[in-house]
Amino acid sequence: MQQLLLSSRALVTDAIKQAFLALCAQSDNQRDQIVIIVNAVDEGKRHPQVLKLQQIIQNMGFQNVTLFDVDVDDFQTLVTAKAIVISGGYEFKLVDHLKRSGMLLQLRALINQGKPVYGISAGAIVLGPDMDLFATLYPEDNFLPCKHAPAIQATNVYICPHYDRQCAADATLANQISDWEHQQHVQVTRLNDEQGLAIHGDLVRLILWKNR
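Here is what the cut-offs are and how they apply
Residues numbered from 1 in each chain as written. Predicted model: local features only at pLDDT ≥ 70, side-chain atom pairs only at ≥ 80, totals over all residues. Heavy atoms only, no water. 1 Å grid on protein atoms, 1.4 Å probe; cavity = no way out; pocket = protein on both sides within 12 Å on 5 of 7 lines; lining within 4 Å. Points joined across faces, edges and corners; volume = space filled by probe spheres on them. Helix = DSSP H or I, 4+ residues; strand = E, 2+ residues; numbered from the N terminus. Nonpolar A, V, L, I, M, F, W, Y, C, P; charged D, E, K, R; others polar. Salt bridge = Lys/Arg side-chain N within 4 Å of Asp/Glu carboxyl O. Buried < 20%, exposed > 50% of the residue type's maximum accessible area, 1.4 Å probe, protein only. Pairing = 2+ DSSP bridges. Axes fitted to C-alpha atoms, helices over the stretch in contact; angles between N-to-C directions. Contact = heavy atoms within 4.5 Å. Parallel < 35°, antiparallel > 145°, perpendicular 65-115°, else oblique.

**Q** Before we go on, may I ask you to explain the layout of surface pockets in this structure?
**A** Any empty space left between atoms is shown by rolling a water-sized probe over those atoms. Space inside the largest pocket adds up to approximately 730 Å³. Forming the walls of the largest pocket are 31 residues, and the residues nearest its centre are Ser-8, Gly-88, Ile-120, Ser-121 and His-162. When residues of the lining of the largest pocket are traced back to their parent elements, those giving at least two are helix 2 (48-59), helix 4 (91-101), helix 6 (122-125) and helix 8 (163-169). Considering each element in turn, the lining of the largest pocket owes the most residues, five residues, to helix 2. Residue classes in the lining of the largest pocket are distributed as 15 nonpolar, nine polar and seven charged.

**Q** How should I be thinking about the pattern of salt bridges in this particular structure?
**A** Pairing is possible between side chains that carry opposite charge, provided their charged atoms lie close to one another. Counted by the stated rule, this structure contains five salt bridges. One salt bridge connects Asp-42 with Lys-93, and the closest N-O pair in it is separated by 2.8 Å. In this pair, Asp-42 sits in the loop between strand 2 (34-37) and helix 2 while Lys-93 sits in helix 4, placing the two residues 51 residues apart along the sequence. Accessibility expressed as a relative area gives 17% for Lys-93, which makes it buried.

**Q** Is there a simple way to explain the pairing of strand 5 (residues 117-120) in this structure?
**A** Side chains on a regular strand alternate between the two faces of the sheet. Of the two faces of strand 5, the one lined by Val-117 and Gly-119 and the one lined by Tyr-118 and Ile-120 are each fully buried. One ladder, built from four bridges, connects strand 1 (residues 3-7) with strand 5; its direction is parallel. In the sheet register, Leu-4 faces strand 5, and the bridge partner there is Val-117. In this sheet, strand 5 lies alongside strand 4 (residues 83-86) in parallel orientation, the contact comprising three bridges. Residue pairing for strand 5: Ile-84 is matched across the bridge by Val-117.

**Q** Would you mind showing me how to read the sheet that holds strand 8 (residues 196-200) here?
**A** The strands making up a sheet associate through hydrogen bonds between their backbones, and the pairing can be parallel or antiparallel. Strand order in the open sheet formed by seven strands is 3-2-4-5-1-8-9, with mixed pairing between adjacent strands. Looking at the sheet topology across the chains shown, the edges are occupied by strand 3 (65-68) and strand 9 (203-207). Averaged over neighbouring strand pairs, the angle between their axes works out to 20° when direction is ignored. Lying on the sheet, helix 1 (residues 14-25) is in contact with strand 1, strand 2, strand 4, strand 5, strand 8 and strand 9; it crosses strand 1 at an angle near 160°. Most of the contacts of helix 5 (residues 103-112) go to strand 4, to which it runs at about 135°, and overall it touches strand 1, strand 2, strand 3, strand 4 and strand 5.

**Q** Sorry if this is basic, but what is going on with the packing of helix 4 against helix 5 here?
**A** A pair of packed helices is characterised by two quantities: the angle between their axes and the separation of those axes. One can describe the packing of helix 4 onto helix 5 by two numbers: an axis separation of 5 Å at closest approach and a directional angle of 95°. Classed by the angle they form, the pair helix 4 and helix 5 counts as roughly perpendicular. For the pair formed by helix 4 and helix 5, the contact residues are Val-95, Leu-98, Lys-99 and Ser-101 on the first element and Met-103, Leu-104 and Leu-107 on the second. Here the residues of the contact of helix 4 with helix 5 are counted per class, giving five nonpolar, one polar and one charged.

Pasting the structure below:
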């Protein structure tokens, strides 16, 4: 059964932090290793936000937090991890690396076997059925050689992260998403910057912001 956490921003509220700890508790792996997939950004393991995320997770009590590049690192590291984090950046870049490395299908199989995975922003998008919504909204970002932009397909939930911030920047975004939903006969979950989704198989729970 899939054990997933999706959010717009990384561990930004106490509620999301508690959901991440609960996600990790679903693993029967007694090791505390958390692995962060970094391929959504060009700088990979050197990106400041990736390094900041590593530090945040370490501060939560997980001292063994490994940065993972799908192009060069051993897939067995993901297999033996307590949980996997897929960091944010550019969703099309991330999927391209996963496909070219051969790890997209391997990662999907690992998730279907119950490996806990936390996807952040672009990392959350690629856990869904496809990236067609974002290929429609931002066609200039889709450099993949196909109109249909497949993803990991770990869940059938479509999300739009940073919905509040993006709508503030683009007054047409809400209507564009609604039109796409109508055309595709699907529903998109809009996640504001301080919201998340916990997914356990077919059960989906919205994580709301809480005061510290």
